[in-house]
Amino acid sequence: MGTVETNGLKDMIACDTRISSIIDDKLTYAGYDISEFMEHKASFEEVIYLLWNGHLPTRIELKYFETELRNNYEISDAVEQCILIQSRPHLHPMSVLRSTVSLLGVYNVQAEERSFEAVYQQSIELMAKMPTIIAAFVRLRMGDTPLEPRKDLGFAANFLYMLNGETPSELEIEAMNRALILHADHELNASTFAARVCASTLTDIYSCVTTAIGALKGPLHGGANERVFDMLSEIRQSGDAQAYLQEKLDSQEKIMGFGHRVYKTQDPREEYLREMAKELTQGTENEDLFLLSQEIETFMKEKKGLIPNVDFYSATVYHVLGIDSSIFTLIFAMSRVAGWIAHIQEQQKNNKLIRPRSKYNGPSNLKYIPIEQR
Ligand code: COA
């Protein structure tokens, strides 16, 4: 019996898109190489606008867009109460985020509306409330009261403020902003594809984003970054990076934060995160984390020819920004939701149900045997 080698749909083209592309190991958003945003210090809000609208905003458009986001930062007491109920040690933070985002759809009386205006409002709400949900979860889990979002702060700064209770420094805001931009979209990665499949049934946006969060949670996708930090901590304790890594490789374990389905020579996002990790740790107690990361990178290159991906240095960046490793993947989701929403809207604008076929390779022509004779 023959089997079809699907190879995880490797290199298969599954849709047309104007949102982002990866060509020759370069990542572009709506035609702009990501280096443009880094070089010109673009804001995350500008990038969200670009992904959703296909062009960069004018000053007026950006002001209006930022105001809309800021007016929607707040979450209701009911949502906060549900986060509190879920703040249990056995629940994975991504599961809490997944359920809470789903709940936003339950509490929005217009969640089933499909007009352009309604979907736009739902998109703004999802985008704006995600940081508030995450920060509230972190504080409630520690037994603290969540902080009210600050409308006078932009997306990155407000998130860091709600998380740490202090107005972040310019360097911290810039690092957070850059990390958000670098994670905002990535062509047909697993969670985005999952969101598009869901969207192709013409279901609501909350269902699509909930689906995407579920896919992002896995360790082969967004879940890798928290495991990178676990690895760095374990190696810090063991004190011997090479022995640690060799043992993992000998037992056929994957080293988190290395390898990529599409990039083979360099993940273009990684160099900026590496730079940030270096800048943020230089001369601080965390400098050894950066040096250790470099040692791991060299080892993996020499032993396996593998390159670090977006998750590798982002672990150090997030740690230095005061973010606990258990919520690293949530930060990824908080950024990638920008791309998910862009793809959901693009899919539904020119929709065709995504429904591939499978090749059946199980037994056939079996005869039903009544249960008492089995
Ligand atoms: N550690 C050790 N070996 C790795 C590896 C890693 N992180 N990533 C890939 N490899 C090896 C595989 O064992 C395989 O070797 P083989 O051909 O000798 O069997 C080869 O490289 C190809 O890997 P494969 O898993 O088939 O590639 P893929 O395209 O299916 O997977 C990833 C891509 C990202 C899922 C994979 O590299 C991985 O699991 N990385 C770790 C998780 C991670 O960082 N995910 C975040 C991605 S942004």
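Our subject is the structure listed above.
Because the structure is predicted, anything quoted here is derived from the model rather than measured.

S.K.: Just to check I follow, could you spell out the site of the ligand for this structure?
M.R.: Near the ligand you find 17 residues, and of these Lys-254, Ile-255, Gly-257, Phe-258 and Arg-261 are the closest. Here a nitrogen atom of the ligand sits 2.7 Å away from a polar atom, N or O, in the main chain of Ile-255. The side chain of Asn-309 places a nitrogen or oxygen atom 2.9 Å from an oxygen atom of the ligand. A total of 850 Å² of accessible area belongs to the ligand in isolation, and the protein chains cover 64% of it.

S.K.: I keep staring at the packing of aromatic side chains and nothing clicks. Help me out?
M.R.: Here a ring pair, both rings aromatic, is described through the centre-centre distance and the interplanar angle of the planes. Using the criterion set out here, one finds eleven aromatic pairs in the structure. Judged by centre distance (5.5 Å) and plane angle (85°), the ring pair of Tyr-49 and Phe-65 falls under edge-to-face. One end of the pair, Tyr-49, is in helix H2 (residues 44–53); the other, Phe-65, is in helix H3 (residues 59–71), and 16 residues separate them in sequence. For Tyr-49, a relative accessible area of 9% gives the class buried. For Phe-65, a relative accessible area of 1% corresponds to the buried category.

S.K.: So what exactly am I meant to see when it comes to the packing of H2 against helix H16 (residues 328–349) here?
M.R.: How two helices sit against one another is set out by the angle between their axes and by the gap between those axes. In the contact formed by H2 and H16, the axes pass within 8 Å of each other and the chain directions differ by 20°. When the axis of H2 is compared with that of H16, the two are roughly parallel. The handedness of the crossing between H2 and H16 is right-handed. Of H16, the residues touching H2 (which contributes Phe-44, Ile-48, Leu-51 and Trp-52) are Met-334, Ser-335, Ala-338, Gly-339, Ile-341 and Ala-342.

S.K.: What is the right way to look at unusual backbone geometry in this model?
M.R.: One can expect most non-glycine residues to show negative phi and most peptide bonds to be in trans. If you check the backbone angles, Leu-9 has positive phi at about 60° while not being a glycine. With respect to the element layout, Leu-9 can be found in the segment before strand S1 (20–23). Among the residues examined, Leu-9 registers a relative accessible area of 45% and is labelled partly exposed. Residue Asp-25 is not a glycine yet carries a positive backbone phi of 60°.

S.K.: Mind showing me how you'd approach the pairing of strand S2 (residues 26–29) here?
M.R.: Within a regular strand, side chains alternate between the sheet's two faces. As defined by bridge partners, S1 adjoins S2 across four bridges and the pair is classed as antiparallel. By the bridge assignment, Ile-22 is partnered in S2 with Leu-27. Across two bridges, S2 lies against strand S3 (residues 32–33) in antiparallel orientation. Note on S3: the bridge partner recorded for Thr-28 is Asp-33. Where S2 folds back on S3, the antiparallel hairpin that results is connected by two residues, among which Ala-30 adopts a positive phi of roughly 45°.

S.K.: What exactly am I supposed to notice about the packing of helix H11 (residues 224–238) against H16 here?
M.R.: For the pair H11 and H16, the least separation of the axes is 7 Å and the interaxial angle reads 150°. Judged by the inter-axis angle, H11 sits roughly antiparallel to H16. Considering the relative orientation of H11 and H16, their crossing is right-handed. Seen from H11, the contacting residues are Asn-225, Glu-226 and Phe-229; seen from H16, they are Phe-328, Thr-329 and Phe-332. Residues that form the contact of H11 with H16 fall into these classes: three nonpolar, two polar and one charged.

Calculation criteria
- Residues numbered from 1 in each chain as written.
- Predicted model: local features only at pLDDT ≥ 70, side-chain atom pairs only at ≥ 80, totals over all residues.
- Heavy atoms only, no water.
- Near = heavy atom within 4 Å.
- Polar contact = N/O pair within 3.5 Å; in protein donor to acceptor, adjacent residues only side chain to side chain.
- Areas by Shrake-Rupley, 256 points an atom, 1.4 Å probe, with all protein chains shown as cover.
- Phe/Tyr/Trp six-rings, centres within 6.5 Å; stacked < 30°, edge-to-face > 60°.
- Helix = DSSP H or I, 4+ residues; strand = E, 2+ residues; numbered from the N terminus.
- Buried < 20%, exposed > 50% of the residue type's maximum accessible area, 1.4 Å probe, protein only.
- Axes fitted to C-alpha atoms, helices over the stretch in contact; angles between N-to-C directions.
- Parallel < 35°, antiparallel > 145°, perpendicular 65-115°, else oblique.
- Left-handed = near helix turned anticlockwise from the far one by under 90°.
- Contact = heavy atoms within 4.5 Å.
- Pairing = 2+ DSSP bridges.
- Nonpolar A, V, L, I, M, F, W, Y, C, P; charged D, E, K, R; others polar.

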